[in-house]
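# Structure at a glance
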Amino acid sequence: MKKNVIVMGQLSTAQWSELEQHFQLVELAKPLDLTQPEVRTALDEAHALIGSGLPITTELLDAAPKLEVIATISVGYDNIPVDELTRRGIMLCNTPDVLTETTADTGFALVMATARRVVELAEWVKAGHWQASLGPDMFGSDVNGKTLGMVGFGRIGQAVARRGALGFGMKVLYSNASPKPELEKELGAERRELNELLAEADFVCLTVPLTAETEKLIGAEQLAQMKTSAILINIARGKVVDENALIDALEKGVIKAAGLDVFKQEPLSVSSPLLTMPNVVALPHIGSATHETRQAMAQRAVDNVRLALQGERPISLVNEETWT
Ligand code: NAP
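Residues numbered from 1 in each chain as written. Predicted model: local features only at pLDDT ≥ 70, side-chain atom pairs only at ≥ 80, totals over all residues. Heavy atoms only, no water.

This part is about the site of the ligand. Contacts to the ligand come from 26 residues, most closely from I156, N176, S178, K180 and D261. Here E213 contributes a side-chain N or O atom positioned 3.0 Å from a nitrogen atom of the ligand. In this structure, D261 approaches the ligand through a side-chain N or O atom, which is 2.8 Å from a nitrogen atom. Relative to its unbound accessible area of 940 Å², the ligand is 82% covered by the protein chains. Its residues placed into classes, the shell around the ligand shows 10 nonpolar, 11 polar and five charged. (Near = heavy atom within 4 Å. Polar contact = N/O pair within 3.5 Å; in protein donor to acceptor, adjacent residues only side chain to side chain. Areas by Shrake-Rupley, 256 points an atom, 1.4 Å probe, with all protein chains shown as cover. Nonpolar A, V, L, I, M, F, W, Y, C, P; charged D, E, K, R; others polar.)

What follows is the structure in structure tokens.
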């Protein structure tokens, strides 16, 4: 008898066929409605769940007694109760590595867009305002040669830092749970306490995971430690920043600008003050959103499910304890 897999994310036709060779597939739409009999039946029989933005609750887990593996099509898993999965012996797999470079590209796009006012000035041109040569009030700031402060220096943080150091001659500072001597050697990066990094950096770029420790890591106090000319880039998770404090800081000129791919609540409310600020570049959480990378992430998730259900170690297992 084939094992059952619930799919709640986008798979290519080839990926769907690959999984279908081995397993019985059921596609369910998000958000899951646990009151629907067909949803309850699918969960009751499911051995694996694959998808992005998975709404994993205790109620859902209770309804899925045969679940062996959850494969999220993302590297972040802050929306998933890992300890609860581990307690139940359910493997959690994510998709690191394959999205690192693309997410770093998004981070650097935000660095460039905010510093050189790309979005604001492109809109100004489109609106027909370019009638004479520009004055200093329309100038931006240099990126080359400036100081890039990475808060979080894992896969994505290091990839952003490489762009800055090797492509733009930037000095790299980092604040991270553990030291990274190999990157210090490779990029000349220097480790700093967070408050020191905030005071020195021209660009503060957030790439820490969202955890109890990093929630609101950047609040009013931290923003006040930044230079008034500094720019905040967030490609981590919205909740790493106290969004109200950020709005306040931008309104009062405590910092110069912000480039944001992620927000406290997504989609961002159309009434958010962030949307009316010319010094804010807001993106709709597109860190990894390219055709190539999303395809690679879905493939990693497919591989993880296939291996896990066939009794082999999945490629990217978050809760190692479940393997033993
Ligand atoms: P990673 O390789 O695990 O890097 C995370 C880094 O943060 C690690 O170096 C870790 O330190 C450090 N860290 C963890 N907690 C910390 C703390 N409390 N204080 C200081 N440093 C801390 O993960 P990644 O692949 O780079 O991804 C990072 C995050 O980016 C993901 O969790 C996700 O939320 C976000 N992301 C966003 C998008 C997007 O679309 N915008 C796309 C992909 C990922 P150690 O090295 O010592 O463990």
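Once the structure has been displayed, the description carries forward.
What follows deals with the sheet that holds strand β12 (residues 280–282). Reading across the sheet, the seven strands line up as β8-β7-β6-β9-β10-β11-β12 and stay open at both edges, with parallel pairing between neighbours. Two strands bound the open sheet, and with one partner strand each, they are β8 (190–191) and β12. Bridge count between strand β10 (residues 231–234) and strand β11 (residues 257–260): four bridges; the pairing is parallel. In the sheet register, I233 faces β11, and the bridge partner there is G259. Where helix α7 (residues 155–168) meets the sheet, it contacts β6 (147–151), β7 (171–175) and β9 (203–206), and its direction lies at approximately 175° from that of β6. (Pairing = 2+ DSSP bridges. Helix = DSSP H or I, 4+ residues; strand = E, 2+ residues; numbered from the N terminus. Contact = heavy atoms within 4.5 Å. Axes fitted to C-alpha atoms, helices over the stretch in contact; angles between N-to-C directions.)

The analysis is restricted to geometry; functional conclusions fall outside its scope.
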